[in-house]
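# A look at the structure
Below, each chain spelled out in residue letters.
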Amino acid sequence: MLLSTTAIVRVVILAFEVVIIVVGNVFTIFVFWIQRLRLKRTFLLLINLAVADLIVGLGEALVLAASTIPNGGNEAKKRESPFWAFQVFGSCTSVLFLVLISLERVYSVLWPFCHRVTSTRAYGYSIVIVWVTGVCMSVVSLLAIYLIDNMYANVIYASALFFSLVVICTSYLMIRLRLRSTAPNSDSVQMQASRQRSLRMSRTVFIVVAVSLVFWFPAFVMVTTQDFCSCFPPLAVWFVIVLQLGNSMVNPFVYSFRMPIFQDALKKCLRSVAKPLS
């Protein structure tokens, strides 16, 4: 089926987002991985978040190639493709890692001493649980295509997104209340420096999560209401997809502004690219 001019523009914009998602998150994984020996365990979660966002980009590329383009740019048809399960896997896992990172930050701020002695194995178990949950959500999307009513799948998606939203908002509310109620004390310089690093990391993660919620909220509204209200025109559906993909695209930009190690790695890459051109 030939694409109209409008459909071509929409597909090109989505493809551009996919390229940025893949390049940005591959670079993020590379930076965090080469620095893994001197970074804290929070970066294990950020690496897995980047992998999940990378899967979102790759999943959208598969859906574009196998469903959207052959159907004339009709975004409504993409959920009928089995490749949609790959997209659901990446998106749900990405949101769940935002939840896990939020809980980890609450733990580090409210119980800092317990956080320091928490084993890496506990992080590993948490990461495995998130990936397994993402697989279960993708299985639900496949069942919605072949076996069950799509409404049941949407109820599961909406419930998971709502639960994630509540946990994330509650986590950062608890962090904010704790920081406002904590008075200056006579801790050693080393402990104060450690606390400041933890707070800076919490602020960076908060920015990542807050931006993600802004991009995800329209998708939550659409998933919650689309089975009860046919009030979403194709342009609105496309715009929601653009925002949802933007969630997986924006994190590398936040890291580049907030993390010195990310800034240094980016500068080195730019210098290496500029040398052959000079």
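Residues numbered from 1 in each chain as written. Predicted model: local features only at pLDDT ≥ 70, side-chain atom pairs only at ≥ 80, totals over all residues. Heavy atoms only, no water.

### Some details on the packing of aromatic side chains
- Using the criterion set out here, one finds three aromatic pairs in the structure.
- Consider the rings of F97 and W131, whose centres lie 5.5 Å apart with planes at 70 degrees: the pair is edge-to-face. Of the two residues, F97 is situated in helix α3 (residues 84-110) and W131 in helix α5 (residues 120-146); the sequence distance between them amounts to 34 residues.
- Judged by its relative accessible area of 0%, F97 falls in the buried class.
- What makes W131 buried here is its relative accessible area of 18%.
- Here the aromatic rings of Y107 and W111 are separated by 6.1 Å at their centres, their planes lie at 45 degrees, and the arrangement is tilted.
- Judged by its relative accessible area of 30%, Y107 falls in the partly exposed class. (Phe/Tyr/Trp six-rings, centres within 6.5 Å; stacked < 30°, edge-to-face > 60°. Helix = DSSP H or I, 4+ residues; strand = E, 2+ residues; numbered from the N terminus. Buried < 20%, exposed > 50% of the residue type's maximum accessible area, 1.4 Å probe, protein only.)

### A look at empty space enclosed by the protein
- Counted according to the given criterion, the structure contains one cavity of 30 Å³ or more.
- Quantified by volume, the largest cavity comes out at close to 120 Å³.
- In this structure, the largest cavity is lined by V95, L98, L161, S164, L165, I168, S212, L213, W216, F217 and F220.
- Only α3, α6 (150-181) and α7 (189-225) provide two or more residues apiece to the lining of the largest cavity.
- With five residues, α7 is the largest single contributor of residues to the lining of the largest cavity. (1 Å grid on protein atoms, 1.4 Å probe; cavity = no way out; pocket = protein on both sides within 12 Å on 5 of 7 lines; lining within 4 Å. Points joined across faces, edges and corners; volume = space filled by probe spheres on them.)

### A short note on the side chain of Q244
- Secondary-structure assignment places Q244 in helix α8 (residues 234-258).
- Only 3.2 Å separates the side chain of Q244 from the side chain of S91, close enough to count as a polar contact.
- Once residues within four sequence positions are removed from consideration, Q244 is found in contact with S91, F215, W216 and A219. (Polar contact = N/O pair within 3.5 Å; in protein donor to acceptor, adjacent residues only side chain to side chain. Contact = heavy atoms within 4.5 Å.)

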